[in-house]
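# Examining the three-dimensional arrangement
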Amino acid sequence: MLLIDCPYCGKRPEVEFHCGGEAHIARPETPAAVEDADWGSFLYYRTNPKGLHAERWLHGHGCGRWFNALRDTVSDAFVATYEMGRPRPDRDAASQPSNA
Amino acid sequence: MLEVNVARRAPALSPVVSQASVAIAQSAPQGRLAFRIRPAALAGRSDIDGFDLTGPINSRISAGEGDGAGRRTALRLGPDEWLLLVGADEVDERSEAIGAALSGAAFSLVDVSHRDVTFEVTGEGADVVINAGCPIDLSAKAFPVGSATRTLLGKAEIVLQRLGPDSFTVTSWRSFAPYVRGFLIEAARHPH
């Protein structure tokens, strides 16, 4: 079973987690001032990269905390996990997976 | 706080069952308090009304005298979340004492005694029985005595404690209790 390295609990099985979509998407400060196209982009458009992807994950059946993870969308390897509010770590896809 | 909590009752389950070397028994009624506070709001205090809150995440610290009433057990389930175990008849007393000890701080303390049911799984091979439906590593190194965590058993969310090398408790929501109990009995009946 795939192990995910929760920043609070350590390595735990994948079934305890839930993915919450792409990370680091900031809601505009003043939504009323945003153009329709930009608002549509904020709501619906995601990067969908091949390779490293920063995602939000919830350890729902564990500590109950959200955190961010860098996951390789090709190999499904979790390269890094980090707490909410921290910047995206500077890693490349060849980095050692955090759950190795 | 409700004066009379009519929901504080155990589910209607048939009596204790023992299979092979692993025994599965329903615990006596217990007081449970869901306690949440930001660690910063504790302001370095380690002891709130006798509960030791200093343990690392996913650990269990039991303080106090004796086995029954008076023991105060704190299960740290997350960075800011504890499950406090007290005697079944001292929930209101403890709630008021914790509230008084933390006056001025922002916290949440909810009586969930009636929400959960606890099963004791004891005997040689108890870890194998639980691992039949629980995916976490229950080896002595990864989940030593004194560990406690929220996890899954089959399709039900549980809080798992390790009290001894071959002694666990499995706590689930009351509505999941017949499923959890049946799951454990089946697992004990068909060891692998």
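Everything below is about the structure printed above this text.
These figures come from a predicted structure and were not determined experimentally.

## Describing the overall build of chain A
Along chain A, the regular secondary structure elements total 1 helix and 6 strands. Along the chain direction, N to C, the helices and strands of chain A fall in the order β-β-β-α-β-β-β. Referenced to the eigenvectors of the C-alpha coordinate spread, the extents of chain A come out at roughly 45 × 30 × 20 Å. The burial tally for chain A puts 24% of its 100 residues in the buried class. Counted over contacts in chain A with a minimum sequence separation of 6, partners at least 24 positions apart contribute 49%.

## Structural notes on the nonpolar core
Residues Leu84(B), Val121(B), Ile130(B), Val170(B) and Leu184(B) are the most contacted members of the largest nonpolar core, which totals 51 residues. When residues no more than four places from it in sequence are discounted, the contact partners of Leu184(B) are Ile24(B), Phe119(B), Val121(B), Val129(B) and Val170(B).

## Structural notes on the pairing of strand E4 (residues 52–58) of chain A
Here strand E3 (residues 18–22) of chain A runs beside E4(A); their pairing, made up of 3 bridges, is antiparallel. When the sheet's bridge partners are listed, Cys19(A) is paired in E4(A) with Trp57(A).

## Digging into the interface of chain B and chain A
Every contact between the two is made by 13 residues of chain B and, on the other side, 12 residues of chain A. Looking at the side of chain B that touches chain A, the elements that each hand over two or more residues are strand E7 (72–78) and strand E11 (148–153) of chain B. Of the residues forming the side of chain B that touches chain A, the biggest block, 4 residues, is contributed by E11(B). Among the residues making up the side of chain B that touches chain A, the classes are represented as 6 nonpolar, 4 polar and 3 charged.

## What about the sheet that holds strand E6 (residues 78–83) of chain A?
Each strand in a sheet pairs with its neighbour through backbone hydrogen bonds, running either in the same direction (parallel) or in the opposite one (antiparallel). Residue and element names in this part refer to chain A. As summarised here, the arrangement of the 4 strands in space is E3-E4-E5-E6, forming an open sheet in which the pairing is antiparallel. Both outer strands of the open sheet, E3 and E6, are each paired with one neighbouring strand and no more. If you compare each strand with its neighbour and ignore which way they point, the axes differ by 30° on average.

## Re the environment of Leu152(B)
If you trace the backbone, Leu152(B) turns up in strand E11. Among the residues examined, Leu152(B) registers 19 C-beta atoms within 10 Å and is labelled partly exposed. The sequence separation of Leu152(B) and Ile130(B) amounts to 22 residues, and the corresponding C-alpha distance is 10.0 Å. Once residues within four sequence positions are removed from consideration, Leu152(B) is found in contact with Val15(A), Glu16(A), His61(A), Cys134(B), Pro135(B), Glu157(B) and Ile158(B).

Procedures and definitions
- Residues numbered from 1 in each chain as written.
- Chains lettered and ligands numbered in written order.
- Predicted model: local features only at pLDDT ≥ 70, side-chain atom pairs only at ≥ 80, totals over all residues.
- Helix = DSSP H or I, 4+ residues; strand = E, 2+ residues; numbered from the N terminus.
- Buried ≥ 20, exposed ≤ 12 C-beta atoms within 10 Å, placed from the backbone.
- Contact = placed C-beta atoms within 7 Å.
- Core = buried A, V, L, I, M, F, W, Y, C linked by C-beta atoms within 7 Å.
- Pairing = 2+ DSSP bridges.
- Nonpolar A, V, L, I, M, F, W, Y, C, P; charged D, E, K, R; others polar.
- Axes fitted to C-alpha atoms, helices over the stretch in contact; angles between N-to-C directions.

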